[in-house]
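# Structure at a glance
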Amino acid sequence: MKNIPTLYEWVGGNETLENLTKVFYDKVLHDDLLEPVFKNMSEAHTKHVAHFIAEVFGGPPLYTQVDDGSHAKMVAHHVGKLLNEEQRQRWIALLLQSADELQLADDPEFRSALVAYLEWGSRIAVINSKLTDNPLQQDAPMPRWGWGVPGGPYIPEE
């Protein structure tokens, strides 16, 4: 059985994810559709999102243990925002554009797992944005995301 890295390891760890969210949110703040949603985000927002993704992708629990975050707290940030499908699609497009610019792993297995996570998470964010109360209990577990159907990264046989 081969040693399968976590998505966190494969993407390049925390530094890579922090760079990704920094580049991404810079695009968001210059985007006419998304800027109104994010214009009041805290200075620490990009780092917190990187830490959340890192933890979900199998990395260290920086979001829950250092940033004092939780899955319920992440969901709470979306409640009442009234996000729409156009915003969701732009959010994904800008994030994937940022991943390409930073030359994140581009093997089909990783990108499949990344896109699946973004689709899942952004659709849940839109659903929760229409609510007035957080649907999660404070002790709800953090989501965990893996390779899915491919089962690991593409490594050509030599």
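Since this is a predicted model, take the numbers as computed values, not measurements. (Residues numbered from 1 in each chain as written. Predicted model: local features only at pLDDT ≥ 70, side-chain atom pairs only at ≥ 80, totals over all residues. Heavy atoms only, no water.)

### Describing the overall build of the chain
Counting its secondary structure elements, the chain contains 8 helices and 0 strands. Listing each helix as α and each strand as β along the chain from the N terminus yields α-α-α-α-α-α-α-α. The globule rule puts the C-alpha radius of gyration for 158 residues at 15 Å, and the 16 Å found for the chain is close to it. Along the longest, intermediate and shortest principal axes, the C-alpha atoms of the chain span 55 × 35 × 25 Å. In the chain, which comprises 158 residues, the share counted as buried stands at 43%. (Helix = DSSP H or I, 4+ residues; strand = E, 2+ residues; numbered from the N terminus. Rg over C-alpha atoms; globule rule 2.2 N^0.38 Å. Buried < 20%, exposed > 50% of the residue type's maximum accessible area, 1.4 Å probe, protein only.)

### Concerning the pattern of salt bridges
Between side chains of opposite charge, pairing is possible as soon as their charged atoms come close. According to the stated counting rule, one finds 7 salt bridges in the structure shown. We note a salt bridge from Lys27 to Glu101, for which the minimum N-O separation is 2.8 Å. With Lys27 in helix 2 (residues 13-28) and Glu101 in helix 7 (residues 85-101), the pair connects residues that are 74 residues apart, well separated along the chain. (Salt bridge = Lys/Arg side-chain N within 4 Å of Asp/Glu carboxyl O.)

### A look at the environment of Ala113
As for its position among the elements, Ala113 is in helix 8 (residues 108-129). With 40 residues separating them in the primary sequence, Ala113 and Pro153 have C-alpha atoms 9.7 Å apart. Contacts of Ala113, omitting those with residues within four sequence positions, involve Leu7, Trp145, Gly146 and Trp147. (Contact = heavy atoms within 4.5 Å.)

### Side note on helix 7
Compared with an ideal rise of 1.5 Å per residue, which puts 17 residues at 24 Å, helix 7 spans 24 Å between its outermost C-alpha atoms and is within 8% of the ideal. Buried residues along helix 7 sit against helix 2, helix 3 (35-38) and helix 8. Here helix 7 starts with a cap whose side-chain oxygen sits 3.0 Å from the backbone nitrogen of Glu86, and that cap is Asn84. (Expected span 1.5 Å × (residues − 1). Polar contact = N/O pair within 3.5 Å; in protein donor to acceptor, adjacent residues only side chain to side chain.)

### Some words on the side chain of His71
Among the secondary structure elements, His71 is positioned in helix 6 (residues 71-76). For His71, a relative accessible area of 16% corresponds to the buried category. When near neighbours in sequence (up to four residues on either side) are disregarded, His71 contacts Phe52, Leu136, Ala140, Pro141, Met142 and Pro143.

### With respect to helix 2
The terminal C-alpha atoms of helix 2, which comprises 16 residues, lie 23 Å apart, in line with the 22 Å expected from a rise of 1.5 Å per residue. For helix 2, the complete set of buried residues consists of Gly13, Asn14, Leu17, Leu20, Thr21, Phe24, Tyr25, Lys27 and Val28. For helix 2, the angular spread of buried residues about the axis comes to 150 degrees, placing them on one side. Exposed and oriented more than 90 degrees from the buried face of helix 2 are Glu15 and Lys22. As for helix 2, its buried residues are in contact with helix 1 (7-11), helix 3, helix 4 (45-56), helix 5 (62-65) and helix 7. (Arc of directions from axis to C-beta.)

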